[in-house]
Amino acid sequence: MRALALTLETIAGHSSTENKVQAAAAYLASQHSDGIAIAARFLAGTPLPPGTPATKVGRSTLVDIIAAFGGAERRTLLKRATARGDLGTAVAELLEGLPRDSGAARLPILLVAESLARLGRVGRDRRARLLQELFGRATPIEAKYLTKLLLGSLRTGMQASRVEEALALAFDTPVDAIRRAHMLLGDIGATAERSARGDLETITLRAHRPVRVMLAHPAESAAQVCALLSDGAIAEDKYDGIRAQWHRDDKVVRVYSRALEDFTHFFPEIRSIPDAMHGEWILDGEVVVWVDGQAMSFGTLQRRLGRKQVPLTLLLDAPVIFIAFDVLRADGYDLIDAPLLQRKQALQQLPSEGPVRRAPWTELADEAAMNTFFDSAIAAGNEGAVFKDPKSTYQPGRRGRAWVKLKRPLGTLDVVVTGAEWGRGKRAGLLSDLIFAVRGSDQLVDAGRAYSGLTDAEITELTVHFKENTVRTTGSVRRVTPDIILEVAFDDVRPSDRHPAGFALRFPRIVRRRLDLSVDEISSVTDLVELYEQARAPTVEAG
Ligand code: AMP
């Protein structure tokens, strides 16, 4: 672990990406074949191989164990972590102060990997003992990076794509070949092993080796969807269920979560294989509870999760189906490089009924048709609609513009602008990043920021207004007279200390200016609390 910890320290110390990648490459090139997968995963900050249960070690458990071990008060360790801005550094400092036996046990990286993989599989006491053993063997710098790895906060600037570059450099391989291998294998560790062996050519997808799912880019309106997909789109309902990858080899069906974990046991109904399917298949889709020809709420589906075995009553009351909207491998052939339209044709082999079925879809050409589709998707009880580029290939793990989602907003608020910052890129020179507030008990309280939704003409006009009405400038923020009222839509609301109103809005966007309202008519903090409570209220259950 020592070499890894020193490498991570070096990488964190470099400011240039090139130097970081070079340091990582030198370390990877020095690894033996049995440690290279672990080395690559640890560098990328993902300590566990895919499919391994999470460690179940939180910050609080770690603080307890290390404080006890280092003979310090929990409070002292936490204080030091706050002062240093990082628990790992505080842990290293604590251990540095301890007398150490010069013959202290070493901490081989293989032992670390093995112990981390066991943490999520054992009970609480055993977990604590494993951690004590690891930290007991660790030198201060090893303990620092062990802590960071466990907390998922390596913060060296070395995400998986940089590790891919380091592998390319270490093994003199084109980075595109490495990226593709990583995409197909779904594991930077396995990719490193293959790169070291020079064995990247023959990789294909394989049933029961899940890959990361393709993601959708959020849009605010059908007009925006249309601008992104100007050559037309394949439109589908956006189901309010759980994303799943359905894998089938010759015999067995398994279903994997978005985190690539096997969660087949929650959904025994979808282990059946449609008659027409032969050979190996990998489908991408959504698990939804389906009663009387209709999808039920996400709340109903949630009752199925987190159980070792689904009780018969739930199987009867809340039966699930798997709706496939994409196919990555069909009858033993990889399809991820085929255009979506062709993948959709392969999906036609699936039935339109039954526990494993294809999702209905339609091709649309213009904004009006997209709007109509979206409205009927909402009317049918869906979360919204997803629009996809018919020519696009399947890009695992990417949130590109090839898939665009349009959701029904959770709600809207009428807010007033209290501050503005200069925009970037296309909006450079315009005060386009707006801070908005709602009414508190006796004053306005900032509730969030919005960047998008107004036209260029509106922003240009507002920039002039904000310049003339700046009351104070703090850093890059101009505080302005609160007289511009906006309607803001958002997808979700969560408690947060990021803004004084105590909530954070997810994906806030400006719907329009409200010229008809005055400041004392805008929404209040109480409205925010109500929206939050409504959103968290139990949803209507099936049956
Ligand atoms: P969100 O969770 O709001 O970011 O939306 C993305 C999620 O929508 C995906 O991860 C899927 O689980 C889900 N989804 C539902 N229907 C579709 C669809 N037709 N195409 C793609 N994703 C979908």
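In what follows, the structure referred to is the one given above.
First things first, this report covers the structure right here in the doc. Given the structure is predicted, the values throughout are model-derived calculations rather than measurements.

Moving on to the overall build of the protein chain. When helices and strands are counted, the protein chain shows 19 helices and 21 strands. The C-alpha atoms of the protein chain give 26 Å as radius of gyration, which agrees with the globular expectation for 543 residues (24 Å, within 12%). Judged by the C-alpha coordinates and their principal axes, the protein chain covers about 75 × 65 × 50 Å. The burial tally for the protein chain puts 48% of its 543 residues in the buried class. Within the protein chain, contacts between residues at least 6 apart in sequence are counted, and of these 69% link residues at least 24 apart. About 25500 Å² of surface is accessible on the protein chain, with carbon and sulfur atoms providing 49% of the total. On the protein chain, the mean spot of the 71 positive side-chain charges and the mean spot of the 69 negative ones are 6 Å from each other.

Our next topic: the site of the ligand. The immediate surroundings of the ligand are formed by 14 residues, with Glu-236, Glu-286, Lys-388, Lys-405 and Lys-407 found nearest. Within the side chain of Lys-405, a nitrogen or oxygen atom sits 2.2 Å from an oxygen atom of the ligand. Relative to its free-state accessible area of 500 Å², the ligand is covered by the protein chains to the extent of 89%. Elements with a minimum of two residues in the shell around the ligand: strand S2 (233–238), strand S11 (384–388) and strand S12 (403–407). Split into classes, the residues belonging to the shell around the ligand amount to four nonpolar, no polar and 10 charged.

Here we take up the nonpolar core. Counting residues in hydrophobic clusters, the biggest one holds 82 residues, and the most contacted among them are Leu-28, Phe-42, Leu-43, Phe-135, Leu-150 and Val-163. Composition of this core by domain shows at least three residues from each of domain 1 (2–151) and domain 2 (217–407). Setting aside anything within four residues of it in sequence, one finds Leu-150 in contact with Thr-55, Val-57, Leu-62, Leu-116, Leu-119, Leu-131 and Phe-135.

Strand pairing within a sheet occurs via backbone hydrogen bonds; the two strands may be parallel or antiparallel. In space, the five strands of this open sheet follow the order S1-S12-S11-S2-S10, with mixed pairing throughout. Each edge of the open sheet is held by one strand with a lone partner, namely strand S1 (217–219) and strand S10 (362–364). Neighbour-to-neighbour, the strand axes of this sheet turn through a mean angle of 35°, independent of strand direction. Pairing of S11 with S12 involves five bridges; the strand directions are antiparallel. Directly across from Ala-385, in S12, lies its bridge partner Leu-406. Against the sheet, helix H16 (residues 340–347) touches S2, S10 and S11, its axis set at about 55° to S2. The sheet contacts of helix H17 (residues 367–379) involve S2, S10, S11 and S12, and relative to S11 the element is tilted by about 140°.

Conventions and cut-offs
- Residues numbered from 1 in each chain as written.
- Predicted model: local features only at pLDDT ≥ 70, side-chain atom pairs only at ≥ 80, totals over all residues.
- Heavy atoms only, no water.
- Helix = DSSP H or I, 4+ residues; strand = E, 2+ residues; numbered from the N terminus.
- Rg over C-alpha atoms; globule rule 2.2 N^0.38 Å.
- Buried < 20%, exposed > 50% of the residue type's maximum accessible area, 1.4 Å probe, protein only.
- Contact = heavy atoms within 4.5 Å.
- Areas by Shrake-Rupley, 256 points an atom, 1.4 Å probe, with all protein chains shown as cover.
- Lys, Arg positive; Asp, Glu negative; His and termini not counted.
- Charge placed at Lys NZ, Arg CZ, Asp CG, Glu CD.
- Near = heavy atom within 4 Å.
- Polar contact = N/O pair within 3.5 Å; in protein donor to acceptor, adjacent residues only side chain to side chain.
- Nonpolar A, V, L, I, M, F, W, Y, C, P; charged D, E, K, R; others polar.
- Core = buried A, V, L, I, M, F, W, Y, C linked by side-chain atoms within 4.5 Å.
- Domains from an automatic or database assignment.
- Pairing = 2+ DSSP bridges.
- Axes fitted to C-alpha atoms, helices over the stretch in contact; angles between N-to-C directions.

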